[in-house]
Amino acid sequence: MSVASHADMANAIRFLSADAVQKANSGHPGMPMGMADVATVLFTKFLKFDAADPHWPDRDRFVLSAGHGSMLLYSLSYLIGQADVDIEQLRNFRQLGYRTAGHPEYGHVLAAETTTGPLGQGLANAVGLALGERLMAARFGEAVVDHHTYVVVGDGCLMEGISQEVISLAGHLKLSKLIALWDDNTISIDGKVSLASSEDIALRFQACGWDTLACDGHDPAAIEAAITQAKASDKPVLVACKTVIGKGAPTMQGTNKVHGSPLGDAEIAAAREAMGWPYAPFEVPDAVLGAWRAVGSQGTTARAAWEGRMAALDGAVRETFNRAVAGDLPTGFAEAIAVAKAKLIEDKPKVATRKASQMAIDVLAAAIPELLGGSADLTGSNLTKGKEQVSVAPGSFGGTYIHYGVREHGMGSVMNGLALHGGLIPYGGTFLVFADYMRPAIRMASLMGLRVVYVLTHDSIGLGEDGPTHQPVEHLASLRAIPNLWVFRPADALETLECWQLSVERTDGPSALALSRQNLPALRVDPSEGNPCAKGAYVLVEAEGKRDVTLIATGSEVEIALAAKELLAAEGVSSAVVSMPCWELFEAQPKAYRDDVLGPRSQRVAVEAASVFGWDRWVDGTAIVGMTGFGASGKAEDLYTHFGITAEAVAKVAKDRLDV
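Residues numbered from 1 in each chain as written. Predicted model: local features only at pLDDT ≥ 70, side-chain atom pairs only at ≥ 80, totals over all residues. Heavy atoms only, no water.

Some points on the packing of aromatic side chains
Next up, step 1: Across all of its chains, the model carries 17 aromatic pairs by this definition.
Next up, step 2: For the ring pair Tyr 427 and Trp 500, a centre distance of 5.3 Å and an interplane angle of 85 degrees mean the geometry is edge-to-face. A residue pair is termed long-range when its members are at least 10 positions apart, and Tyr 427 in strand β9 (residues 425-431) and Trp 500 in helix α20 (residues 493-505) qualify at 73 residues. Each member of the pair, Tyr 427 as well as Trp 500, is classed as buried.
Next up, step 3: Looking at Arg 293, its charged tip hangs above the ring of Tyr 78, at a distance of 5.2 Å from the centre.
Next up, step 4: The ring of Trp 583 carries Arg 480 above its face, with NZ or CZ at 4.0 Å from the centroid. (Phe/Tyr/Trp six-rings, centres within 6.5 Å; stacked < 30°, edge-to-face > 60°. Helix = DSSP H or I, 4+ residues; strand = E, 2+ residues; numbered from the N terminus. Buried < 20%, exposed > 50% of the residue type's maximum accessible area, 1.4 Å probe, protein only. Lys NZ or Arg CZ within 6 Å of the ring centre and 35° of its normal.)

Okay, structure coming up:
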């Protein structure tokens, strides 16, 4: 085994980071240089991992919430010998076509447990990862699920409001295997942190139920002692690592100048001399690289022992674990859906789609043990808790439902962490209007391609008396603008079940279900092949004879379109009604199918009790019945009439299109 000093191993991180930023002429050298000592101690003394098997389910998780310091992660990836990051990846930091992006991206580099960069998101994801560990341990036992989550956070992460939401939740749940390593360097982009903040971070964490420790972030013995103590706590722990940003840069360290700009050749040369690192850019001496590669393989024994414990599990338990971690659904899932669909067709329930969603959850929760629900303090309104679901509580992680409190942003990002952990399918509820509060988390789930489901109820002016503060108008358009997010707005109980089916079957991105408060009739009452919602839109009722016009609607307005069809028929106009529960899936269909469903553009009319923005993708701008401003407080039926979202209005627009 190669022998190298702590200082040399830490300097390898420092100078690989500084060299990569300098060559790219872009990036953030200060944080990797300042946290190099902490990272070295963590990886060499504590972190349970095996570079040869980076997806080992029982590895410790390492999250770089301060994602701007991405070269810390990339340098470590190269040094420990992960196959996907060689020296050329470091030489081409931030360059198109290379894995070493400006901020760590999940799925691009093996070491990135999550995509970070938007500050605070990584910390929130780490809470989800730590919660996932506890939930999986409760299900399968600590013999096979027993790992820590370490997250490096900066001052910016702790300023973001999401940090308060998630540290409060983590403290409440007593997530004792979560350790946050705070890069306490007192510097932000503008200058000293004191320009904008004077809070006592340790007291803040303590008030939320965390233990807090402090250490010299450049003293390896002190760092080791602090992490050792943190691992023994029965609470989540914040370790304040007092560091110097840009450690080693003689004239720039300790200042904001080193935060987000290359050091310059002269400063790097001076740093090399000051830190005793007489090697060329991107050069790591064999002894140091060998020592790091040995660190990369030191988890092999632990992994082999874990594999032995897995082999000793009951066969059915082991199969369930492997299936859940792989993201596969149970074999009985499809049959459970088919039985539930048949019952809906038989019963024809007139219920709000939020209630239909709860009915679907009852089916899904029984068929999918890893389904994990929750709500941001709106369980009774979102109807997100199934009748057999049990709540998760501090010290009790066997349940399948989480009370997130009024923390929509935190909920969204914790769900991302749960999905990233593996073995769980999270969903969470709030009002559609409050999706704005968790939009950054929804965007990150879409970017990472995570299976997360958002249950967004009270989806229009149809919620009634709560008024315009709670009535979503622009929100459907806003969510539809996010790439890789499937936005569903089902029209009845059957479509709701089908949209839920598509959401949990999907493995490459998140889904949002926009659901009504008001009751809606059963509209599709005959059995159909497959899942019509899978195509995004379909002809619900075809025209009698030659089609004169196509009425396109989503959700609660499909009922209105059907009524408009009857009005038009009375005047000799033949119309088809198209239900369009998911724009994104419809857009993915072949053009021939889309044209067949919608008919000629000149003969299309759309209705949706939401902003008309975006509908011109499918219909001409004058052929949209929808909202052009905010809502109002009143009874739902009165609001629909007041805002002109009626069958009569739809029929009139259709006749105007045809000059009837």
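Description of the layout of surface pockets
Any empty space left between atoms is shown by rolling a water-sized probe over those atoms.
Next up, step 1: Looking at the largest pocket, its volume works out to about 600 Å³.
Next up, step 2: Tyr 106, Val 325, Ala 419, Leu 420 and Gly 422 are, among the 28 residues lining the largest pocket, the residues nearest its centre.
Next up, step 3: Taken together, the elements giving at least two residues each to the lining of the largest pocket come down to α13 (315-326) and α17 (408-421). (1 Å grid on protein atoms, 1.4 Å probe; cavity = no way out; pocket = protein on both sides within 12 Å on 5 of 7 lines; lining within 4 Å. Points joined across faces, edges and corners; volume = space filled by probe spheres on them.)

A word on helix α2 (residues 30-46)
Because an α-helix completes one turn every 3.6 residues, residues spaced three or four positions apart along the sequence face the same direction.
Next up, step 1: Here α2 is 17 residues long and its end C-alpha atoms lie 24 Å apart, about the 24 Å a rise of 1.5 Å per residue gives.
Next up, step 2: At Ala 36, α2 shows its largest bend, some 55 degrees.
Next up, step 3: Here α2 lies mainly inside the structure; 15 of its 17 residues are buried. (Expected span 1.5 Å × (residues − 1). Bend = angle between axes of the 7 residues up to and from the residue.)

Here we look at the pattern of salt bridges
Next up, step 1: Considering all chains together, one arrives at 31 salt bridges under this definition.
Next up, step 2: We note a salt bridge from Lys 235 to Asp 211, for which the minimum N-O separation is 4.0 Å. Note that Lys 235 is positioned in the loop between α9 (220-231) and β5 (237-242) and Asp 211 in strand β4 (residues 211-216), a separation of 24 residues in sequence.
Next up, step 3: Relative accessible area serves as the criterion here: at 31%, Lys 235 is assigned to the partly exposed category.
Next up, step 4: Residues joined in a network through salt bridges with shared partners are Glu 133, Arg 134, Glu 142, Asp 146 and Lys 177. (Salt bridge = Lys/Arg side-chain N within 4 Å of Asp/Glu carboxyl O.)

Comments concerning helix α7 (residues 161-173)
Next up, step 1: In this model, α7 (13 residues) spans 19 Å end to end at C-alpha, consistent with the 18 Å of a helix rising 1.5 Å per residue.
Next up, step 2: Those residues of α7 hidden inside the fold are in contact with α5 (121-140), α6 (155-159), β3 (178-184), α8 (201-207), β8 (401-403) and α17.
Next up, step 3: Residue Lys 174 follows α7 closely and has a positive phi angle near 55 degrees. (Contact = heavy atoms within 4.5 Å.)

Some words on empty space enclosed by the protein
Next up, step 1: According to the stated counting rule, one finds four cavities of 30 Å³ or more in the structure shown.
Next up, step 2: There is about 170 Å³ of room inside the largest cavity.
Next up, step 3: Residue lining of the largest cavity: 16 residues in total, with Leu 47, Phe 49, Gln 82, Ala 111 and Glu 113 positioned closest to the centre.
Next up, step 4: Secondary structure elements with two or more residues in the lining of the largest cavity: β1 (61-64) and α3 (70-80).
Next up, step 5: Partitioning the lining of the largest cavity into residue classes produces nine nonpolar, one polar and six charged.
Next up, step 6: When its volume is computed, the second largest cavity comes out at roughly 50 Å³.
Next up, step 7: Surrounding the second largest cavity, Pro 57, Asp 58, Met 136, Val 144, Val 145, His 147, Phe 321, Val 325, His 421 and Gly 422 form its lining. (Nonpolar A, V, L, I, M, F, W, Y, C, P; charged D, E, K, R; others polar.)

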